[in-house]
Amino acid sequence: MDEILDLALTVEDPRWEEAIPVLDALVDRVVRTTLEMAGEQDPVEVSVVLTTDAAVRDLNRDYRGKDKPTNVLSFASRDQDMPQLPGEPEVLGDIIVAFETTQAEAAEQEKSFSDHFSHLLVHGTLHLLGFDHQDEKEAGEMEALEVEILARLGISDPYADGEVVAVDDDR
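Residues numbered from 1 in each chain as written. Predicted model: local features only at pLDDT ≥ 70, side-chain atom pairs only at ≥ 80, totals over all residues. Heavy atoms only, no water.

What am I meant to see in the overall build of the protein here?
The number of helices and strands found in the protein is 6 helices and 4 strands. Each helix (α) and strand (β) of the protein, taken in turn from the N terminus, gives the series β-α-α-β-α-β-β-α-α-α. Expected size for 171 residues packed as a compact globule is a radius of gyration near 16 Å; at 15 Å, the protein falls within 12% of this value. Counting across all 171 residues of the protein, residues that qualify as buried make up 44%. Considering only contacts in the protein between residues 6 or more positions apart, those separated by 24 or more positions represent 69%. (Helix = DSSP H or I, 4+ residues; strand = E, 2+ residues; numbered from the N terminus. Rg over C-alpha atoms; globule rule 2.2 N^0.38 Å. Buried < 20%, exposed > 50% of the residue type's maximum accessible area, 1.4 Å probe, protein only. Contact = heavy atoms within 4.5 Å.)

Written as structure tokens, this is what we have:
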């Protein structure tokens, strides 16, 4: 499945690399597994930006009208009818993750930073593929797929205790 993903990883805050020593490998594994399990078969390009709450707050304010940081934002290109160059992978879009919020949530939920971050990457990648959680049915389908993907990655079900897990604060 090497040719399925062209991954661009940008680390804007060095705390990410301090928190997860094998950051590049983890991001690649999580995004690839999500694409595979969601049924994506064509080559795609995904950008992942690991940044700060301040940067995410600016994006959240400017693009979603919410003047506060959040854990993950996804900007899907698939929804924009972007032209695709022949022979090039489809540009799926960007996933942006905030360090401080991710760290605080992991501690609050008593999860490892790496596992919570992986969940956010799965969630963000599914958004790029067109999954959403605007209503109960969509949320149930997306969460079920998240749980399945996380299990494949060796990560426990984040929804198992019945607690609503805020991912990208739409709920």
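Even after reading the chapter, I still don't get the packing of aromatic side chains, so can you show me in this structure?
Counted according to the given criterion, the structure contains 5 aromatic pairs. When the ring of W16 is compared with that of F117, the centres are 5.0 Å apart and the planes differ by 50°; the resulting orientation is tilted. Of the two residues, W16 sits in helix 1 (residues 15–19) while F117 sits in helix 5 (residues 113–128), which places them 101 residues apart along the sequence. In terms of burial, W16 and F117 fall into one category: buried. Centroid distance Y63 to F75: 5.4 Å. Interplanar angle 70°. Geometry classified as edge-to-face. Note that Y63 is positioned in helix 3 (residues 53–64) and F75 in strand 3 (residues 72–76), a separation of 12 residues in sequence. On the basis of relative accessible area, F75 is assigned to the partly exposed category, the value being 24%. What links up through ring pairs into an aromatic cluster is the set W16, F99, F113 and F117. (Phe/Tyr/Trp six-rings, centres within 6.5 Å; stacked < 30°, edge-to-face > 60°.)

Sorry if this is basic, but what is going on with helix 6 (residues 136–152) here?
Every α-helix winds through 3.6 residues per turn, so residues three or four apart in the chain are directed the same way. With 17 residues, helix 6 extends 24 Å between its outermost C-alpha atoms, agreeing within 8% with the 24 Å of an ideal straight helix rising 1.5 Å per residue. For helix 6, the side-chain oxygen to backbone nitrogen distance between the N-cap and K137 is 3.1 Å, and the N-cap itself is D135. Just downstream of helix 6 lies G154, where phi reads positive at about 80°. (Expected span 1.5 Å × (residues − 1). Polar contact = N/O pair within 3.5 Å; in protein donor to acceptor, adjacent residues only side chain to side chain.)

Explanation requested: the sheet that holds strand 3 in the structure shown.
Across a sheet, paired strands are connected by hydrogen bonds in the backbone, their directions being either parallel or antiparallel. The 4 strands lie next to each other as 1-2-4-3, forming an open sheet whose pairing is mixed. Strands at the two margins of the open sheet, each flanked by one partner only, are strand 1 (5–11) and strand 3. When the angles between neighbouring strand axes are averaged without regard to direction, this sheet yields 15°. The pairing of strand 2 (residues 44–51) with strand 4 (residues 90–98) spans 8 bridges and is parallel. Among the inter-strand pairings, E45 is bridged to a residue of strand 4, identified as V91. (Pairing = 2+ DSSP bridges. Axes fitted to C-alpha atoms, helices over the stretch in contact; angles between N-to-C directions.)

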